[in-house]
Amino acid sequence: MSKIDKKGPSSKVALFVTCLVDLFRPTVGFASIKLLEDAGCQVHVPVRQTCCGQPAWNSGSRKDTRDIAKQVITIFEKYEYVVAPSGSCAGMLKVHYQELFRDIPEWDSRAERFASKVFELTSFLTEVLGVTNVKAKLNSRVTYHDSCAGLRELNISDQPRKLLKSVDGLSLHEMNDSEACCGFGGTFAVKYSEISNFIVTEKTENIERTEPDLLLAGDLGCLLNIAGKLKYQGSKIEVRHVAEVLANMCEGKPIAGRD
Amino acid sequence: MKVSSSNFKSNARQALDDKQLQSALNHVRNNFISKRSKARLDLPEFDALRDNARAIKDHTLEHLDFYLEHYERKVVESGGKVHWAADAVEARGIIMDICRKTNAKTVTKGKSMISEEISLNEFLAANSIIPVETDLGEYIIQLRGENPSHIIAPAVHLNIDQVRDEFRKAHTHLSPNRPMNEPETLLGEAREILRGKFLTAELGITGANFLVAETGSSLIVTNEGNGDLTQILPRVHVVLASIDKIVPTLEDLAQITRVLARSATGQEITVYSTLSTGPRRKEDEDGPEEYHVVLLDNGRSSMLGTEFSEMLRCIRCGACMNHCPVYQAVGGHAYGWVYPGPMGAVLTPSLIGVDKAGHLPNASTFCGRCEAVCPMRIPLPKMMRSWREREFEQHLVPPAHRKNLALWAWLAKHRRLYRLTTGLAARILAIRGGLSKRINKLPMAEGWTKHRILPAPEGATFMKLYRRRLRKGR
């Protein structure tokens, strides 16, 4: 990852909510806003945003992806920073948009400039804003799943863990193979559901062996998949997005409820 | 080999239900990954070597014609012959010709995936020539009438009980009550039988891990030494290799082999690394009288200059499949042709057509671990996506998927309708989730709910709540 100049407070940040947070888990959006504001940012939520275009990109529809990507860049490029509570969507905006426009003059340079503004939430907090502590308290034994796109496209690994360690009362316990895929893969989970089921079962076994109260990750796709499997298996382990814990916003029910 | 890649889904289902296969696959899940990881940590310059290896192959592929012709000249200078084969039919024809001239009845074989690619064993057998696989794994699956399920560990789908049963069935000249509990005993038994074959075979066929343009040599890396006996003992040695195996110099070869074994088995170097250059010279104590190289293209040259050309950097270490969650779940046979795992998902459509192998690039979560471990830094997920694009362009995607995607993309471009739809969906799903916040069954999403519940949305969408908050002035 390139070196980032540390910017002082009151940076103008646009929140890329992500379609899954918008639809399934608004709390993650509000938690992101709180974390950014607590760190001194002015947070904007452009109302014209919809989705990053990843479903089209991974289904082979380059034209639809380009249309959607142009829309995202146009809406967001005027902000100093663009932050998403998802390694997958941030990776799409930061890495894949550049690939998408590589052979299109004007848009290739716009996509490149845009990419330099885009960050995943925990990476932005720690690496750009220099946050080391959050004001949060949660008495819980926690394990953290590394989402693939965040881990391998954006090097998100230590950032959420560093912040979690500052949460009062929280203890972090690593599971086996935390870097292994959970089997979500977008439409993969439905198109190849048996294989996806095998992979997520390995994941939930590794989670169960760690005996946590709470599973955290930075991507809602993985979280819906893992929570869905854990609850299908009758597990008592609760599931939340890491931003909810860091923002001290765990009053509401966890993902897929509580037993 | 019969292609069953289009049955990937049912192949995969069978593989998931196969208890024996699942227990055998634990070897892939546990051993390969930890061994590679240790080998990488033990060599601080490992990642720098990967960059060098990539640069060497990129350079070679840019000048492939030059290096291939140079290689041919060197082979001829050393007394050998190069045969160019455009496809499998030509390659088989060339080999048959050499067999006839040699009057070969038994052919020993070192491990070669190109041999699988051109279905050589079936072809030789149909022409009354007995092919004998001499790599232990290949020997076992040949007895069982199977194809390799992994490019470096062809019998990784089997466990010791199955090998024992197979040996009892095949080696009928030995006492049925002989002790066969230890892997070493089985190995000794296979070795004993193969020794005889090495001595009787008139012709030996090996693959090649690399071809060196500078010297006209071929290199094989093995852990059993069977390849050496295959290429030294028979009167005629045939090297069967594809055109992408070429590297310019011995120095280049030395660089790339440093990442090969580490990525494959976690070894620093394989037990044997054997170069062969031409037939036996006057001063040599052993070696074949004739040395042939069959150079196969089979669609590779048409990958050059396309979005798939980087695939030709592949050195067949198998790290991508070892680390692939899909390969780990279903094993290699489900992929339905010679090359499984992520490298197969890219290469198979190139070689046999995306119409036949369309499932393979789709059966990936895009977790990116294959690219992360590839010693040659091949962007495998990116190329799988390129295949998906080709499929989309050629209307090979099921019409229902296409329609859903078009509808979703249209909505994503029409913000107001998108808000209306997501708002409605969030509310309906939330109601359906009830107090438990779980949806157990959902029409259109059976693939999901068959194995998991669907967590229900919290209620209203973020955008709606956010607007409400703005109106209230926070």
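The rules behind the values
Residues numbered from 1 in each chain as written. Chains lettered and ligands numbered in written order. Predicted model: local features only at pLDDT ≥ 70, side-chain atom pairs only at ≥ 80, totals over all residues. Heavy atoms only, no water. Pairing = 2+ DSSP bridges. Helix = DSSP H or I, 4+ residues; strand = E, 2+ residues; numbered from the N terminus. Contact = heavy atoms within 4.5 Å. Axes fitted to C-alpha atoms, helices over the stretch in contact; angles between N-to-C directions. Patch = residues over 30% accessible without salt bridge, like charges linked within 9 Å, V, L, I, M, F, W, Y side chains within 5 Å. Areas by Shrake-Rupley, 256 points an atom, 1.4 Å probe, with all protein chains shown as cover. Salt bridge = Lys/Arg side-chain N within 4 Å of Asp/Glu carboxyl O. Buried < 20%, exposed > 50% of the residue type's maximum accessible area, 1.4 Å probe, protein only. Phe/Tyr/Trp six-rings, centres within 6.5 Å; stacked < 30°, edge-to-face > 60°. Lys NZ or Arg CZ within 6 Å of the ring centre and 35° of its normal. Core = buried A, V, L, I, M, F, W, Y, C linked by side-chain atoms within 4.5 Å. Domains from an automatic or database assignment. Buried area = accessible area lost by both parts, 1.4 Å probe. Polar contact = N/O pair within 3.5 Å; in protein donor to acceptor, adjacent residues only side chain to side chain. Nonpolar A, V, L, I, M, F, W, Y, C, P; charged D, E, K, R; others polar.

(A) Representation of the sheet that holds strand β9 (residues 272–276) of chain B within the structure. All names here are of chain B. Read from one edge to the other, the open sheet built from four strands follows the order β8-β5-β6-β9, with strand pairing classed as mixed. The sheet is open, and its two borders are formed by β8 (246–247) and β9, each paired with just one other strand. When strand β5 (residues 210–212) meets strand β6 (residues 217–222), the two strands line up antiparallel, connected through three bridges. Paired with Val212 across the bridge in β6 is Ser217. The strands touched by helix α13 (residues 250–264) are β5, β6, β8 and β9; relative to β5, the strand with the most contacts, the crossing angle is about 165°.

(B) Just a nonpolar patch on the surface, in detail. Residues and elements named next belong to chain B. Together, Trp410, Leu417 and Leu420 make up an exposed nonpolar region whose accessible area comes to about 320 Å². Assignment of secondary structure puts Leu420 in helix α22 (residues 415–433). Judged by its relative accessible area of 60%, Leu420 falls in the exposed class.

(C) How the structure looks around the packing of aromatic side chains. As enumerated under the stated definition, the model contains 17 aromatic pairs over all chains in all. When the ring of Phe184 of chain A is compared with that of Trp448 of chain B, the centres are 6.1 Å apart and the planes differ by 80°; the resulting orientation is edge-to-face. Linking Phe184 of chain A in the loop between β6 (168–172) and α10 (188–191) with Trp448 of chain B in helix α23 (residues 446–449), this pair reaches from one chain into another. In this structure, Arg390 of chain B packs its charged tip against the face of Trp387 of chain B, placed 5.4 Å from the ring centre.

(D) Structural context of the nonpolar core. Among the nonpolar cores identified, the biggest contains 96 residues, and Ile195 of chain A together with Phe8, Met311, Val330 and Tyr339 of chain B are the most heavily contacted of them. Ranked by residue count, the leading element in this core is helix α6 (residues 88–102) of chain B, at seven residues. Beyond its immediate stretch of four places on either side in the chain, Ile195 of chain A contacts Phe188 of chain A together with Phe8, Ala12, Leu16, Val326, Ala329 and Val330 of chain B.

(E) Fine view of the domain arrangement of chain A. Residue and element names in this part refer to chain A. Taken as a whole, chain A is organised into domain 1 (12–127) and domain 2 (131–246). Computed over C-alpha atoms, the centres of domain 1 and domain 2 are 22 Å apart. Contact residues are listed per partner, giving 27 residues for domain 1 and 21 residues for domain 2. In total, about 2,000 Å² of surface goes out of reach between domain 1 and domain 2, with carbon and sulfur atoms giving 69% of it. Summed over the shared surface of domain 1 and domain 2, the result is one salt bridge. A salt bridge links Glu244 to Arg25, with the nearest nitrogen and oxygen atoms 2.8 Å apart. For the pair domain 1 and domain 2, the interface holds eight residue pairs in polar contact (both at pLDDT 80 or more). The set of elements that each furnish at least two residues to the side of domain 1 that touches domain 2 consists of α1 (19–24), α2 (26–38), α5 (87–100) and α7 (121–128). At eight residues, the largest contribution of residues to the side of domain 1 that touches domain 2 is made by α5. For the side of domain 1 that touches domain 2, the per-class residue count stands at 13 nonpolar, ten polar and four charged.

(F) Layout of the interface of chain B and chain A. Residue-level contacts link 63 residues of chain B with 71 residues of chain A. A buried area of about 5,900 Å², summed over both sides, lies between chain B and chain A, and 61% of it is on carbon and sulfur atoms. The tally of links between chain B and chain A comes to seven salt bridges. Asp67 of chain A is the partner of Lys413 of chain B in a salt bridge, and the nearest nitrogen-oxygen pair spans 3.0 Å. Inspection of the chain B/chain A interface yields 27 residue pairs in polar contact (both at pLDDT 80 or more). Considered class by class, the residues forming the side of chain B that touches chain A number 31 nonpolar, 14 polar and 18 charged.

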